[in-house]
Amino acid sequence: MIDNAVSKLAAYALQTGLIQENEYTWAINTILDTLKLDSYTDPGQDWGELELAPILEELLNDAHQRGVLAENSVVYRDLFDTELMGRLTPRPAQVIEKFQALCAENPQNATDWYYKFSQDTNYIRRDRIAKDMQWKAPTDYGDLDITINLSKPEKDPKAIAAAKHLPASAYPRCQLCAENEGYVGRVNHPARQNHRIVPIEINGSPWFLQYSPYVYYNEHCICLNSEHVRMKIDRACFAKLLHFVRQFPHYFVGSNADLPIVGGSILAHDHFQGGHYTFAMEKAPIEIPFTFPGFEDVEVGIVKWPMSVIRISSDHPERLIDLADKILTAWRGYTDESAFIFAETEGEPHNTITPIARRRGEKYELDLVLRNNITTAEHPLGVYHPHAELHHIKKENIGLIEVMGLAVLPARLKEELAAVADCLATGSNLRTNNLTAKHADWAESFAPRYIVTRENALDIVQKETGLIFASVLEHAGVYKRTMEGQAAFLRFLEKIS
């Protein structure tokens, strides 16, 4: 009986604090309105603790049967259930007032509440996030995080076809812009009626805080500029990152680089990513200490990491801003042909930095990851990018999240890695199976090192996948972890004045 599902959704909203007791009747009626129902009988039951996904599934199935939901594919269902949850989501002013009141007490209380709220509204879809495959992979650089992303819905053929007939739209300008808040969505742009952002000030300029709907790690947040301006790594960027961790000391925050290939997927809108998580890179120790003249008060060193990382730390953030700016300026213009580092070719700049800021106790810390996006005929996707022999596992750009030690791998690998494990356990031919053929060279190279059984095959494949990701990061490192590479790294540091 559909009245039960309607009652459960209103009860869920009450349980999670989306509505108050005196709003319950209003909630029932607004749900009925969205579902195009004009009658209701209260079941009169206490439902106990409720899970949202099954309730929405029942309501959407009924809406489709009655013709209210015209198409039953994932894109159309997402548009419809977001409208439902948007009806029950508090207004922006209420959310901002709550966040700011909690922030005045303790910033962590504010983010704890806001993160749970963003899940309760179904903006972060708990049921989909739970589908992601995740494991830790031991490597020479510590335990790397490996994730196979299964929470993003597959492309919908009907929605793709429908999108071709939509008029061009520049609203919202991108998926980060503030005008996404409350947006109804369309087949080629997600609905965001249940999305709420909170204003924050970063280094004197207006920004917003929100969470990523895909949550690759705990409390995966996004800080976005209130204006749609391009990303830029500069002195002001370092100041903003450090000001953010001053306000939210329990979070780290970082920026993707500002050049193609080594940058993020959205370079057109200035934004940072942060969260409440400790990545392997943060745990990695200083391998080679270094001192910059005039900055003897700042702790500096090369980090033991597959990519080329300079870590600087101090009690005084302004000292880090000064030194980071000096390093960036030097790197932008630095060429060392013997190490295949070119600042530019044919007027195209190649050098930039991926910066990450955090607090370590009372100290402020910046990790500056040197990046270069040069391409060659041999490596058309990038010299400092995963090379072709690793593309069977990871071909995509290495952005901020990967830089810190979390592999976000494509959904195809869930089935492919399971098939590789099955072939190894049964002795089947890897090269005659469409799922495993691309992985055959790799699997045949590591299999002799193990006694493979049905019980341990997948664990072995996952462990070796982690080692491939370590190699991916080594490929992305501009200075290799050899005597020659480390000597070239020190040459750069010594050139900074």
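Below is a short write-up of the structure.

Rules used throughout
Residues numbered from 1 in each chain as written. Predicted model: local features only at pLDDT ≥ 70, side-chain atom pairs only at ≥ 80, totals over all residues. Heavy atoms only, no water. Helix = DSSP H or I, 4+ residues; strand = E, 2+ residues; numbered from the N terminus. Buried < 20%, exposed > 50% of the residue type's maximum accessible area, 1.4 Å probe, protein only. Contact = heavy atoms within 4.5 Å. Areas by Shrake-Rupley, 256 points an atom, 1.4 Å probe, with all protein chains shown as cover. Lys, Arg positive; Asp, Glu negative; His and termini not counted. Charge placed at Lys NZ, Arg CZ, Asp CG, Glu CD. Axes fitted to C-alpha atoms, helices over the stretch in contact; angles between N-to-C directions. Parallel < 35°, antiparallel > 145°, perpendicular 65-115°, else oblique. Left-handed = near helix turned anticlockwise from the far one by under 90°. Pairing = 2+ DSSP bridges. Expected span 1.5 Å × (residues − 1). Arc of directions from axis to C-beta. Core = buried A, V, L, I, M, F, W, Y, C linked by side-chain atoms within 4.5 Å. Phe/Tyr/Trp six-rings, centres within 6.5 Å; stacked < 30°, edge-to-face > 60°. Lys NZ or Arg CZ within 6 Å of the ring centre and 35° of its normal.

## Notes on the overall build of the protein chain
Okay, step 1: A tally of helices and strands in the protein chain yields 16 helices and 15 strands.
Okay, step 2: Per-residue burial for the protein chain yields a buried fraction of 54% across its 497 residues.
Okay, step 3: Sequence-distant contacts in the protein chain: of pairs separated by 6 or more residues, those separated by 24 or more amount to 64%.
Okay, step 4: Here the protein chain displays about 22000 Å² of accessible surface, and carbon together with sulfur accounts for 50% of that area.
Okay, step 5: On the protein chain, the mean spot of the 50 positive side-chain charges and the mean spot of the 67 negative ones are 2 Å from each other.

## A short note on the side chain of Glu416
Okay, step 1: Considering the arrangement of structural elements, one finds Glu416 in helix α13 (residues 412–426).
Okay, step 2: Apart from the residues within four sequence positions on either side, Glu416 is in contact with Leu435, Thr436, Lys438 and His439.

## Re the packing of helix α3 (residues 52–65) against helix α4 (residues 74–88)
Okay, step 1: The geometry of α3 relative to α4 is characterised by a closest axis approach of 11 Å and an angle of 115 degrees between their N-to-C directions. As judged from the angle between their axes, α3 and α4 are roughly perpendicular. α4 is crossed by α3, and the crossing has right-handed handedness. The residues of α4 that touch α3, namely those facing Leu52, Leu56, Glu57, Leu59, Leu60, Asn61 and Ala63, are Arg77, Phe80, Asp81, Leu84 and Met85.

## Examining the sheet that holds strand β2 (residues 142–148)
Okay, step 1: Ordered in space as β1-β2-β15, the 3 strands form an open sheet in which the pairing is mixed. Of all the strands in the sheet, just β1 (133–139) and β15 (406–409) have a single pairing partner and so form its edges. Between one strand and the next, the sheet's axes are offset by a mean angle of 25 degrees, whatever the strand orientation.
Okay, step 2: Of the strand pairs in this sheet, β2 and β15 are connected by 4 bridges, and their pairing is parallel. Of the residues in β15, the one forming a bridge with Thr147 is Val408.
Okay, step 3: In the packing of α13 onto the sheet, contacts are made with β1, β2 and β15, and the angle to β2 comes to roughly 110 degrees.
Okay, step 4: Packing against the sheet, helix α15 (residues 457–476) makes contact with β1, β2 and β15, and its axis sits at approximately 70 degrees to β1.

## Observations regarding helix α5 (residues 92–105)
Okay, step 1: The end-to-end C-alpha separation of α5 is 20 Å, in line with the 20 Å expected for 14 residues at 1.5 Å each.
Okay, step 2: Residues Val95, Phe99 and Leu102 constitute the buried set of α5. The buried residues of α5 occupy one face: seen down the axis, they fall within an arc of 70 degrees. Facing away from the buried side of α5 by over 90 degrees, the exposed positions are Glu97 and Ala104.
Okay, step 3: Next to the buried residues of α5 lie α6 (107–120), β3 (198–202) and β4 (205–211).

## Details of the nonpolar core
Okay, step 1: Ranked by internal contacts, the top residues of the largest apolar core, which has 99 residues, are Leu9, Phe244, Ile310, Ile312, Ile327, Tyr479 and Phe492.
Okay, step 2: Setting aside its immediate chain neighbours within four residues, Ile312 contacts Val298, Glu299, Val300, Leu320, Leu323, Ala324, Ile327, Tyr364, Glu365, Leu366 and Leu368.
Okay, step 3: Counting 51 residues, the second largest nonpolar core, distinct from the first, contains Val309, Leu390, Ile393 and Cys423.

## As for the packing of aromatic side chains
Okay, step 1: Applying the stated criterion to the full structure yields 23 aromatic pairs.
Okay, step 2: Ring centres 5.0 Å apart and planes at 65 degrees place the aromatic pair Phe290 and Phe292 in the edge-to-face group. Each member of the pair Phe290 and Phe292 is classed as buried.
Okay, step 3: Judged by centre distance (6.1 Å) and plane angle (25 degrees), the rings of Trp331 and Tyr334 are stacked.
Okay, step 4: Relative accessible area serves as the criterion here: at 10%, Tyr334 is assigned to the buried category.
Okay, step 5: Taken together, the aromatic side chains of Phe99, Trp113, Tyr114, Tyr115, Phe117 and Tyr211 make up a single cluster linked through ring pairs.
Okay, step 6: The ring of Trp47 is capped by Lys8, whose NZ or CZ atom sits 4.9 Å from the centre of that ring.
Okay, step 7: Seen from the ring of Tyr364, Arg359 lies directly overhead, with NZ or CZ sitting 4.0 Å from the centre.

## A word on helix α16 (residues 483–495)
Okay, step 1: With 13 residues, α16 extends 19 Å from end C-alpha to end C-alpha; this agrees with the ideal 18 Å at 1.5 Å per step.
Okay, step 2: Elements in contact with the buried residues of α16: β8 (286–290), β9 (299–303), β10 (309–314), α11 (317–332) and β14 (363–372).

## Things to note about the sheet that holds β4
Okay, step 1: In space, the 10 strands of this open sheet follow the order β3-β4-β5-β7-β6-β13-β14-β10-β9-β8, with antiparallel pairing throughout. Looking along the sheet, the strands with just one partner apiece sit at the ends: β3 and β8. When strand polarity is set aside, the average angle formed by the axes of neighbouring strands in this sheet is 25 degrees.
Okay, step 2: With 3 bridges joining them, strand β6 (residues 252–254) and strand β7 (residues 271–275) adopt antiparallel strand pairing. Directly across from Val253, in β7, lies its bridge partner Gly274.
Okay, step 3: Contacts between α6 and the sheet are confined to β3 and β4, with β4 contributing the most and set at about 55 degrees to the helix.
Okay, step 4: Packing against the sheet, α16 makes contact with β8, β9, β10 and β14, and its axis sits at approximately 35 degrees to β8.

## Regarding unusual backbone geometry
Okay, step 1: Look at the link from Tyr171 to Pro172: it is a cis peptide, with omega at -15 degrees.
Okay, step 2: In this structure, Pro172 sits in the loop between α8 (157–163) and β3.
Okay, step 3: Positioned with a positive phi, Asn122 is a non-glycine residue whose angle comes to about 75 degrees.
Okay, step 4: Mapped onto the elements, Asn122 comes out in the loop between α6 and α7 (126–129).

## Quick look at the pairing of β4
Okay, step 1: Within β4, 5 of the 7 residues are buried, leaving the element largely enclosed by the surrounding structure.
Okay, step 2: One ladder, built from 5 bridges, connects β4 with strand β5 (residues 221–225); its direction is antiparallel. Counterpart to Leu209 in the pairing with β5 is Cys223.

## With respect to the pairing of β2
Okay, step 1: With 5 of 7 residues buried, β2 lies mostly within the body of the structure.
Okay, step 2: Note: β1 against β2, 7 bridges, orientation antiparallel. Bridge pairing links Trp135 to Ile146 in β2.
Okay, step 3: Hairpin connection between β1 and β2: a loop of 2 residues separates the two successive antiparallel strands.

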